[in-house]
Each structure stands twice: as structure tokens, then as C-alpha cells.
Amino acid sequence: MKVKILILAVATLLFVLSGCDASDSSPASFTRTEFALGTFVTVRIDGTSGKDANQALDGTFARLSEIELTASTKNHGSELSYVNQNAYERGITVSEELFFLLESGLFYSALTDGAFDITLGSVVELWGIGTDNARVPAPDELAEALENSGFENLLLSAENRTVRFLKEGLKIDLGALAKGYAADEMKRVLLENGVTSAVLNLGGDIITIGDKNGEDWLIGLADPLAPGESCAILRVSGLAVVTSGNYERYFMHEGARYHHVFDSQTGFPAESGVVSSTIITDSAMIADALSTAFFVMGIERAVEFAVSIPDTDYVLIDGGMNFMCSENINLEIIK
Amino acid sequence: MRTNVRKLSLTALFAVIALIIFIVEAQIPLPVNAPGLKLGLANIIILFMLFLGGMWKTQDIFMVFLVRVLLAALITGNAQALLFSFTGGLFALLVMLSMRTAFKGAAIPVVSVAGAIAHNAGQITVAALITSAGVFVYLPALVAGGIISGLLTGFAVYFIYKAHPKFISYIGGMNNDIR
Amino acid sequence: MKLLSKQNIVFFCIIGVIFVVSVIVWLVVSDIQTENTTALVYKNGVLIETISLSAVETEYEYAINDDGVNVILVKSGEIGVISADCPTQICVNTGFIGSGVIPIICIPNRLEIRIVGGSHELDAVAG
């Protein structure tokens, strides 16, 4: 009798446990957030089992940490910091990863005629926006920093992967490229892990994998006038959406607002009339660089420039909340 | 100045009792979850000292409060908890001291309730600074909780005073031994 | 010192009134309902996630690992912290919230989950 009860109990237990197993394998969504590259990074994976999702999440966040060690401007132990300190005295041989970033940065700096410029590091440092030491620099300081900038002063040699600065005060800032690059790389790791549906959010730089159960991902565009709210909805599948805005990081001084996207011509925060510039394309890195460039260019120049780059869509918003966007996108303005 | 041995040892004793109450209190689960909500039993000692009079001055109470808070932080090893108990305790102490000065005839439970509400208000202020002002929705719960715990501790001290007047006047510093 | 002096009776009455009022306010606040709810997840005071709870079909876990771990479970119409490494466990004990204004707070890990009305069912916000 006792044996029978025991068997019954074990059978019941097994039944209950197998029930748990069954629910585990049903399509679900897994999300993880960590802090990296100065922002919160959230990855959401849909349609896999918990075990696979966690493995993919581990892998993708490990990749993120690697990139942070290479390309962070703020981390004084990063490879980029080393280059910034030493590349004037002698040519520095860098890792493939950093070389790729510098090469891409230089390419887009030249392509956009300096509207996007990775050599504005000393200007960025001088203003200190986003740090506790934000201030409006004196004109002579700014002139000196600008004099030391300019992508023509950055020499790259693909042969032996060396970097050389032609100006002593030149500093590379990959702030408008590294996040996008990290997003692309994180996506690559997820794809390698068999993930077919995911959305990655690196502090407002979005990249998606596949779609959501057959439907487009719904990506909000931050409202420049009301932080935390959205002013429009984009529908995308598998694409990256990156926005540059004057509302993201700024400081106030004597009633004026100074944001963090600089014009390489003036050394001042760009005042082109654009308050929010969004690029929709395959690569988050390209979207990152171009959204900055479009922001600096202003609507007229940006729209003209956009004709020359294929497979890239944009949404520009001016101070009066007027939208200017390319034709192929699925945009719903909700404000 | 002559060191008053009795006062010194009593001060140490008070601090230790407060600490023990604090530790025991941490083990008591509360029916309502709210950031900053505590039973505040450790307040018993502060309240007790506040009404002693005699040789007990404000700075002695502050000393016991500080020792209790710092030792508790050392035991729990939690710097954030230190911030909470220090701010809460300080609010409570300041409010009770002003109650005591402004209303000479205020009963122990009344002063205690005021202190307990101040304690919880102080704690939620710290919580708001750490997170956001949204935590203030817990304020009514904390006020109600403060009233209950304040009455509890207040009447505890009140009954000690009522039941042992000679003992009280002895440690109050009237220099008359217990007869 | 008289417990039931005139002054103290006044004090006790005031205390009683404050108690009744705060209990009523608490009950009212706890009972506020919002429709089409959206959960806002704040970490270190920064809004990191906007989750439209009414749009959730399958429940999922959401782990936040940064200066402390909080594991959030998102269900249709509800959100809650199911485990955390904080000593107080207030966030876990608060349980699930889905409507109303009582937030989930984890002070040691500086996590806050707030519910607001209205939703656009977004998967992410670029900005």
C-alpha cells in the first residue's frame, strides 16, 4: 500500500514538473539591463526558451564590455585613451576593433564634410557637458581646441594599423559612433546565437532583429519638448533607429541652454534649427554617425545630402515641431 | 570638571539598551510595506532620557543617539541604513526636543507620537532624495504607522515612569539612593 | 505631568484626527485606478524602460543587473519584483502592481517602478 502511494506521489510530482517544463519552452520574452558606455543598455529577446535567451544575453553583454574597454573616452584605461595620450609623439598600432572604428569615423567625417567629426575630443572636453564641470569656455581656449581638431589631422595607415595625430592637442571622441557600433556588434552576437526576434536599446540608440510575432516593432521617437514622452511612432523590422537631439544632455548657463552636439566650424553646440534628428538604416553605427551629421547640417543641407546615401531614411524635427522625413518610412506622428 | 561615574555608566547603558532594541526591532516583520516605515522602538530610550531631567542634558541625549546609530551601522554594515536611521532619528529628536520646550505639560505619548511621525517623515525624505519624489505617496501610511508606534513607545515609557518613580528619580540624578 | 490634562486631551484629539485623515487618504490613494497602464522603470533616477502593461501577452522576466540585482516579472496588466539582492526586500514584498499610484521602490538598488495611465504600446523609444 505504502509503495503504491509512493509511486502515485512520484508520478504526480513528475507530472507537475513536466508541466513546468512545457511552459518554459513556450514563446516568451526575456529582458536584461546593464549599465555600459555611460548609459543603460537593455536587450529584449522574444520567442526562445529561457536557457537559450540567457546564453545569448550573456554573450551579447560580454561583447559590450569588450567594446567599452576599447572605445570609451571616459574610461581612462581604455585603448582609445591611450591613443589620445600618445598618438602625437609616435604612430600607435591599435587593435583591429579600434582601427575599424577610427577608419569608419574618418570615413563619415570626410563624407559629411566635418558635420560629423570624431576629432572634436578637445572641444567636447573643454565644454564638459554631461560632467559636473560643464561650462562655457573662453574664446581663446575654444579657438585653440578648434585649431587642434579637424579630421585632416588624423592619419591612419591600414598596412600596419597605426594611428598618428598631426596636432598635439588632437583628441578622438567616439561618443557618436561607439554606441552604434556596440549595438551592431551586440546584434551580431545575438544572431550567432540563433536569436530571431529582439530589440536592443543602448540609451536611446535602438536596433532590432526580425519582427515581433510577424508585426513590426513599434519604436517611439522621444518628444524634444517633453522628455520621457514620445511624439511619433516608427514601425521597423530588423533596422536600427538612432536619434540625436538637443534635449538629451545639456547644461544651463545664464538662461541659455548648451547641448552636447558640437559644430566643428564654431566649436559651439550646433544651432542648425534641428532639435531632433533620427536615422533609420541597417547599421546602428552608420545611423549614429549620420544622425549627428544631419543634426549639425540643418534641414536644408541634410535633405540634399540624404539623396547621395542609399537605403537610409531620416526624420528631422525643427524647433516648431515641424517634421521633415524621407518617403519610405512608416511614421505616425502622435503630437 | 569631575567625571560623574554613575552618569557615564548610565549613558553607556542607555546606548547599549537602545542598540539591543534596535537589533531586536529589525527582526520584527511589519504588516505594511513602505519605504522608511519602522516600528521605532529604539526611540524608547531617547524618549525615556528626554523626560528624566536632573543631570541629563540635551547633549547627553544626542550622545546616546549618535552612539546608537553609529554602532547599529557598524553591526549591520550598511552605510545607506546609517543615512536613514541618522536622518530619521535626528528629525525625531529635534521635534521631540521642541515639543518638550514649547509644551511643558505635554504627556510622554504625545511627544512620542510627534517624534515617531517626524522619524518617518525624515526617512521618507531620504528615500525621496535617493529615488524620486514619487515615494511621498507613502506619506499617509507612514504618518498613520508613526502614530501607532508612537503611542506604543510613548505609553511604554509612560508606564515605566508611573510604576517606578523612585527608580526614575534615582537615575534622574537626584543623588538619593534607592530605598 | 498629568496624562489627561486639558492640553493633552487636545493633543490626543489632534492625533486622532490626523490618524483618521491619513488612513482615509491612504485608502483613497491605494484605490486610485488607471486605465491602459504603462509601467515606468527608473534606475538611479533615470527612466530606463517604458512597458505597456496592457499590451503584454506572455509574461516575461526582466533582470536589472547594475549595483544590485532586481528581477522583475512582467505580466499582462501587472508588474512586480520577484527577487532582489537587497537586504530589506520591500520591493519584493510590495508584490505586483498594475493600476494605481503606489510605486514599487527598492531603495538600496535605487530602483523605482511607477504606473501611469495611457499607452502607445511601444517596444522602445529612440532619443
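Residues numbered from 1 in each chain as written. Chains lettered and ligands numbered in written order. Predicted model: local features only at pLDDT ≥ 70, side-chain atom pairs only at ≥ 80, totals over all residues.

### Quick word on the overall build of chain A
A tally of regular secondary structure across chain A gives nine helices and 16 strands. In chain A, 61% of the contacts between residues at least 6 apart in sequence involve partners at least 24 apart. (Helix = DSSP H or I, 4+ residues; strand = E, 2+ residues; numbered from the N terminus. Contact = placed C-beta atoms within 7 Å.)

### Topic: the packing of helix α2 (residues 43–50) of chain B against helix α4 (residues 79–102) of chain B
All names here are of chain B. In the contact formed by α2 and α4, the axes pass within 11 Å of each other and the chain directions differ by 25 degrees. Between α2 and α4, the angle falls in the class roughly parallel. You can see that α2 and α4 cross each other, and the crossing is right-handed. Listed contacts from α4 to Asn43, Ile46, Leu47 and Leu50 of α2 are Ala92, Leu93, Met96 and Arg100. In terms of residue class, the contact of α2 with α4 is made up of six nonpolar, one polar and one charged. (Axes fitted to C-alpha atoms, helices over the stretch in contact; angles between N-to-C directions. Parallel < 35°, antiparallel > 145°, perpendicular 65-115°, else oblique. Left-handed = near helix turned anticlockwise from the far one by under 90°. Nonpolar A, V, L, I, M, F, W, Y, C, P; charged D, E, K, R; others polar.)

### With respect to the confidence of the model for chain B
On average, residues of chain B carry a pLDDT of 84, and 91% of them reach 70 or more. For this predicted complex, the interface score ipTM comes out at 0.82, alongside a pTM of 0.67. (pLDDT = per-residue confidence, 0-100.)

### Comments concerning helix α4 (residues 96–111) of chain A
A turn of α-helix holds 3.6 residues, and therefore any two residues three or four places apart point the same way. Residue and element names in this part refer to chain A. With 16 residues, α4 should cover 22 Å at 1.5 Å per step; its first-to-last C-alpha distance of 22 Å lies within 8% of that length. Within the span of α4, buried status applies to Leu98, Leu101, Leu102, Gly105, Tyr108 and Ser109. The buried residues of α4 occupy an angular sector of 135 degrees when projected down its axis, which confines them to one face. On its buried face, α4 is in contact with α2 (50–71), α3 (79–86), β4 (154–157), β5 (162–165), α7 (178–192) and α8 (284–297). Just downstream of α4 lies Asp113, where phi reads positive at about 60 degrees. (Expected span 1.5 Å × (residues − 1). Buried ≥ 20, exposed ≤ 12 C-beta atoms within 10 Å, placed from the backbone. Arc of directions from axis to C-beta.)

### As for the interface of chain C and chain A
Contact with chain C, which involves 21 residues of that partner, is made by 32 residues of chain A. Elements that contribute at least two residues to the side of chain C that touches chain A include exactly β2 (46–52), β3 (60–65) and β9 (124–126) of chain C. Per-element accounting of the side of chain C that touches chain A gives the leading share, six residues, to β3(C). Along the lines of polarity and charge, the residues of the side of chain C that touches chain A split into 11 nonpolar, four polar and six charged.

### Section: the sheet that holds strand β8 (residues 217–222) of chain A
Ordered in space as β16(A)-β9(A)-β8(A)-β9(C), the four strands form an open sheet in which the pairing is mixed. Edge positions in the sheet fall to β16 (331–333) of chain A together with β9 of chain C, since each has one partner strand and no second. On average, adjacent strands in this sheet sit at an angle of 30 degrees to one another, irrespective of strand direction. Where β8(A) and strand β9 (residues 230–236) of chain A come together, six bridges link them in antiparallel fashion. By the bridge assignment, Ile219(A) is partnered in β9(A) with Leu234(A). (Pairing = 2+ DSSP bridges.)

### Notes on the sheet that holds strand β1 (residues 38–43) of chain C
Residue and element names in this part refer to chain C. Spatial ordering of the open sheet is given by β2-β1-β8-β7, a layout of four strands whose pairing is antiparallel. In the strand order of this sheet, the two ends are held by β2 and β7 (104–106), each with one partner. Going across the sheet, the axis of each strand differs from the next one's by a mean of 20 degrees, ignoring polarity. In this sheet, strand β8 (residues 111–116) lies alongside β7 in antiparallel orientation, the contact comprising three bridges. The residue bridging Ile105 from the neighbouring strand is Glu112, located in β8.

### What about α2(B)?
Residues and elements named next belong to chain B. Extensive coverage of α2 is indicated by the burial of eight of its eight residues. The set of residues buried in α2 consists of Asn43, Ile44, Ile45, Ile46, Leu47, Phe48, Met49 and Leu50. In this fold, the buried residues of α2 make contact with α1 (5–26), α3 (58–76), α4, α5 (108–130) and α6 (139–163).

### Considering the confidence of the model for chain A
For chain A, per-residue confidence averages 87 on the pLDDT scale, and 91% of positions sit at 70 or higher. Here residues 12–26 of chain A is modelled with pLDDT under 50, and outside its nearest four sequence neighbours on either side it reaches three contacts, counting other chains as well.

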